[in-house]
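Fold and contact review
One-letter residues, chain by chain:
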Amino acid sequence: MSTPTFTIFGGTGDLTFRKLLPALYNMHTAKDSADDRQIIIIGRRDYSTEEYCGKARDWVRKFSRLPYTDEDFEKFSAQISYYKMDFIDSNAYSSLNLYYKERDLNDHIFYFAVAPRFFSIIASGLTNVKNACHGKVILEKPFGEDLDSAKVLNIQLEKFFSAKNIFRIDHYLGKEMIRNIQTLRFSNPIFSNLWNSRYIESIQISASEDMGIEGRGGYYDASGALKDMVQNHLFQILSIVAMEWPEKFSADAMHDAQIRVLRALRPVADIRETLVLGQYEGYHQEQLVKPHSSTETYAALRLFVDNERWWGTPFYIRTGKKLDRREIKIAIIFRPSFLEKAAQNILIIKIQPSEGVYLQFNIKKPGDTDEIIQAKMDFCQNDYVNKLNTPEAYERLIKACINDNTSWFSQWDQIELSWNFIDKLHELYIWEKLPIFKYAAGTTGPEQANELLRGFGHEWID
């Protein structure tokens, strides 16, 4: 069987230079990729292959996980060919077909490292490429811009590619600690036996960024925090944290367990008790942002999963840009003890930038006293992982696609349910004419997000 050719549309963009090429270099250097793989870079810029590889060298040197050497890069870059092409020109695909034919390249993986509005254009163009329909396609998020556009896009893609060959990538699902959630929960009875509303008071999922939109104003201003982060990344994390024990750890069983969580999300009755949106001060001065834009750069949500396991336990989600830290974490807050002075037990799964598990519990203060104090156990996985130099998210997910492993990719029904929920949520917020609250850069976000939790006797875990 031939080694699939790896073609990247959007080969001169930041995603390709910062993530994809370093990931492919790491895979090649670690012998996780076939030596005869061809990597075709599609771009509009006027580069020769030699010029492109010269530019790529600096990015690989800077962002690769494995040590960079000129020898390794020369072997890796020998797989790369740059093909100048305007991928929005439907007539250009006949020439691309000839390019593949001349090189006897018939087995394909296509990576759409471009904005979602170009997905259907490229898929339509590939109808002119022999055997392309039998290949695989990897799509970057977001999948569509709302539920309606996502449905249209899915129909267009499935007309050409088979459903099993469409890989909707969510790089969060490739992160080490996201993949570790199941092991932490299901292999430890001290957690698995307590993983329900009887023992857990609330769950928080936080994804904070200390940077702004970083020159992505054109994309972000048409998207916002709900579409950019909540609908995909954070709903995926929610479904993994809240899922039932799968019958077996297969792609289908994992998918079924996650989809049941999304189907059980409680319809919103009072939007004021559910959602707070914010925008950092100075957002309107960002390049390509509309002067009076109401796009949110922050979102805080209070949700419920209405099933036997989670009835009555709120799931709090927050995400935002230009906050006081860069951090992704999950906090499991257990119900209070019968002892008044005992603090609540808290389990924190740290995903980014540090990786690990933190557990807060109570002990007696040493000495002749009955005072209860908090003890903290903190397992930092970073040191262990760094010693192993384990694969990063994009490496894992590209390799999973090559190996037909769909376990860690978003499926269409998950995306449809997520879009449906977020669209209705956003429509309710607009219908009620609720404001987009301002917050200063370098803070934790708008004060109204803190008030959302305080109204129900809770606080964000910082």
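One structure accompanies this document, and this report is about it. Chains are numbered independently. Their residues run from 1 in the order of the written sequence. Where totals are concerned, whole chains, interfaces and linings use all residues; where local detail is concerned, this predicted model gives features only for residues with pLDDT of at least 70, and gives and counts side-chain atom pairs only at 80 or more. Computation of side-chain values covers all heavy atoms of the structure but excludes hydrogens and water.

Here's the deal with the overall build of the protein chain
Runs of H or I in DSSP of at least four residues are treated as helices and runs of E of at least two as strands, each being numbered from the N terminus. On a plain count of helices and strands, the protein chain comes out with 15 helices and 15 strands. Compactness check: the protein chain gives a C-alpha radius of gyration of 24 Å against a globular reference of 23 Å for 462 residues, within 12% of the reference. For the protein chain, the spread of C-alpha atoms along the principal axes amounts to about 80 × 50 × 45 Å. Looking at the protein chain as a whole, 53% of its 462 residues qualify as buried. The method behind every accessible area is Shrake-Rupley, applied with a 1.4 Å probe, and residues are considered shielded solely by the protein chains displayed. Total accessible area on the protein chain is roughly 21,400 Å²; 49% of this is exposed by carbon and sulfur atoms. When the 56 basic and 62 acidic side-chain charges of the protein chain are each reduced to a single mean position, those positions are 1 Å apart. Atoms considered for the radius of gyration are the C-alpha atoms alone. The globule rule reads 2.2 Å times the number of residues to the power 0.38. Burial classification: accessible surface area is computed with a 1.4 Å probe over protein chains only, and a residue below 20% of its type maximum counts as buried, one above 50% as exposed, and the rest as partly exposed. The charge count treats Lys and Arg as positive and Asp and Glu as negative. His and the chain ends do not count. Charge positions are represented by NZ for Lys, CZ for Arg, CG for Asp and CD for Glu.

Topic: the packing of helix H10 (residues 225–242) against helix H14 (residues 412–431)
In the contact formed by H10 and H14, the axes pass within 10 Å of each other and the chain directions differ by 135 degrees. As judged from the angle between their axes, H10 and H14 are oblique. Here H10 and H14 pass one another in a crossing that is right-handed. Along the contact surface, H10 presents Leu226, Lys227, Val230, Gln231, Phe235 and Gln236, while H14 presents Gln414, Ile415, Ser418, Trp419, Phe421, Ile422 and His426. For the contact of H10 with H14, a count of residues per class yields seven nonpolar, five polar and one charged. Only the stretch in contact is used when a helix axis is fitted, and all axes are lines through C-alpha atoms; the angle between N-to-C directions ranges over 0 to 180 degrees. In these notes the angle categories are as follows: under 35 degrees is roughly parallel, over 145 is roughly antiparallel, 65 to 115 is roughly perpendicular, and the rest is oblique. Crossing handedness follows the turn of the near helix against the far one: under a right angle anticlockwise gives a left-handed crossing, and clockwise gives a right-handed one. Contact between two residues is taken to exist if any of their heavy atoms lie within 4.5 Å; hydrogens are not considered. Charged means Asp, Glu, Lys or Arg here, nonpolar means Ala, Val, Leu, Ile, Met, Phe, Trp, Tyr, Cys or Pro, and polar covers whatever is left, Gly included.

Notes on the nonpolar core
Nonpolar cores were defined as sets of buried Ala, Val, Leu, Ile, Met, Phe, Trp, Tyr and Cys residues, with membership established by side-chain atoms within 4.5 Å. Counting residues in each nonpolar core, the largest one holds 103 residues, and the members touching the most others are Phe6, Leu21, Tyr111, Phe235, Leu301, Ile330 and Ile332. Broken down by element, the residue count for this core peaks at 11 residues, all from H10. Counting 35 residues, the second-largest nonpolar core is a separate cluster that includes Tyr83, Val137, Leu139 and Leu157.

What about the environment of serine 33?
Residue placement: serine 33 occurs in the loop between helix H1 (14–29) and strand S2 (39–43). Between the alpha carbons of serine 33 and isoleucine 402 there is a distance of 9.3 Å; along the sequence they are 369 residues apart. The residues contacting serine 33, other than those within four sequence positions of it, are Met27 and His28.

Here we look at the sheet that holds strand S13 (residues 356–364)
The nine strands lie next to each other as S14-S13-S12-S11-S7-S10-S9-S8-S15, forming an open sheet whose pairing is mixed. The open sheet is flanked by strand S14 (372–380) and strand S15 (437–439), the only strands paired with a single partner. The mean angle between the axes of side-by-side strands here comes to 20 degrees, regardless of whether they run parallel or antiparallel. Bridge count between strand S7 (residues 200–208) and strand S10 (residues 314–320): six bridges; the pairing is parallel. For two strands to count as paired, DSSP must find a minimum of two bridges between them.

Observations concerning H14
In a helix, the anticipated span is given by 1.5 Å times the number of residues less one. For H14, built from 20 residues, the straight-helix expectation of 28 Å at 1.5 Å per residue is met to within 8% by its first-to-last C-alpha distance of 28 Å. Where H14 is concerned, the buried positions are Trp412, Gln414, Ile415, Ser418, Trp419, Phe421, Ile422, Asp423, Leu425 and Tyr429. Just downstream of H14 lies lysine 433, where phi reads positive at about 55 degrees.

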